[in-house]
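# What the coordinates show
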Amino acid sequence: KVFLIVSHWESFGRVAIEALASGCVVVSRNVLPDEVGRHCSIVNGASDKDIPIYSSFIKNAISNFKQLSNDSRRAARQYFSNQKYLEDIQYDILS
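Residues numbered from 1 in each chain as written. Predicted model: local features only at pLDDT ≥ 70, side-chain atom pairs only at ≥ 80, totals over all residues. Heavy atoms only, no water.

## Re the pattern of salt bridges
Let me state the cut-off plainly: Criterion for a salt bridge: a side-chain nitrogen of Lys or Arg within 4 Å of a carboxyl oxygen of Asp or Glu. Secondary structure follows DSSP: runs of H or I at least 4 residues long count as helices, runs of E at least 2 residues long count as strands, and numbering of each begins at the N terminus.
Enumeration according to the criterion identifies two salt bridges in this entry. Across the pair Arg74 and Asp71 runs a salt bridge, and its minimum N-O distance is 2.9 Å. Taken as a pair, Arg74 and Asp71 lie in helix α4 (residues 65–80) at a separation of three residues, close to a single helical turn.

So, in structure tokens, the structure goes:
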């Protein structure tokens, strides 16, 4: 599964996190916050009409799907799980 984000703006990137958690490889314009975008394939400088640019990223995602999918799930668990949020909150409170 490849999840393509072509929106002009994403405030936090929740849809990308949900896609990562489900094992999708996320291909996106450069609209995601760094915390989320570093786990996605980012298409820099692409506009809505740059379909050939997106298609090359999608072809790469498909050809490397198994590894990228495993990386996606791992990143979602490691950086965006409920447990991670609780640990961060606990750290902030105790610091």
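## Brief notes about the sheet that holds strand β3 (residues 41–43)
The pairing of strands in a sheet comes from backbone hydrogen bonds and takes either a parallel or an antiparallel form. For the record, the criterion: Any two strands with at least two DSSP bridges between them are considered paired. Note on method: axes are straight lines fitted to C-alpha atoms, helices fitted across the in-contact stretch only, with angles between N-to-C directions ranging 0 to 180 degrees. Residues count as neighbours in contact if any of their non-hydrogen atoms are within 4.5 Å of one another.
Spatial strand order, β1-β2-β3: three strands in an open sheet with parallel pairing. The sheet is open, and its two borders are formed by β1 (2–5) and β3, each paired with just one other strand. Neighbouring strand axes in the sheet, compared pairwise and without regard to direction, differ in orientation by 20 degrees on average. Bridge count between strand β2 (residues 25–29) and β3: three bridges; the pairing is parallel. What sits directly across from Ser28, in β3, is Ile42. Helix α1 (residues 14–21) rests against β1 and β2 of the sheet, and its axis sits at about 170 degrees to β1.

## Overview of the side chain of Ser72
If you trace the backbone, Ser72 turns up in helix α4. In this structure, Ser72 is in contact with Leu20, Gly23, Cys24 and Val25, ignoring residues within four places of it in sequence.

## As for the environment of Ser28
Threshold: We call a residue buried when its accessible area falls under 20% of the maximum for its residue type, exposed when it is over 50%, and partly exposed in between, using a 1.4 Å probe and counting protein chains only.
Mapped onto the elements, Ser28 comes out in strand β2. Judged by its relative accessible area of 0%, Ser28 is buried. Taking the C-alpha atoms as reference points, Ser28 and Gln90, separated by 62 residues in sequence, lie 32 Å from one another. When neighbours within four sequence positions are excluded, Ser28 is seen to be in contact with Ile5, Ser41, Ile42 and Val43.

## Describing the side chain of Ser41
Mapped onto the fold, Ser41 is located in strand β3. Those residues in contact with Ser41 that lie beyond four places of it in its chain are Val26, Val27, Ser28 and Phe57.

## Quick look at the nonpolar core
Stated precisely, the cut-off is as follows: Nine residue types can take part in a nonpolar core, namely buried Ala, Val, Leu, Ile, Met, Phe, Trp, Tyr and Cys, and a core is a set of them joined through side-chain atoms within 4.5 Å.
Ranked by internal contacts, the top residues of the largest apolar core, which has 13 residues, are Ile5, Ala16, Leu20, Val26, Leu32, Val36 and Cys40. Broken down by secondary-structure element, the contributors of at least two residues to this core are α1 and α4. For this core, the element with the most residues is α1, which contributes four residues.

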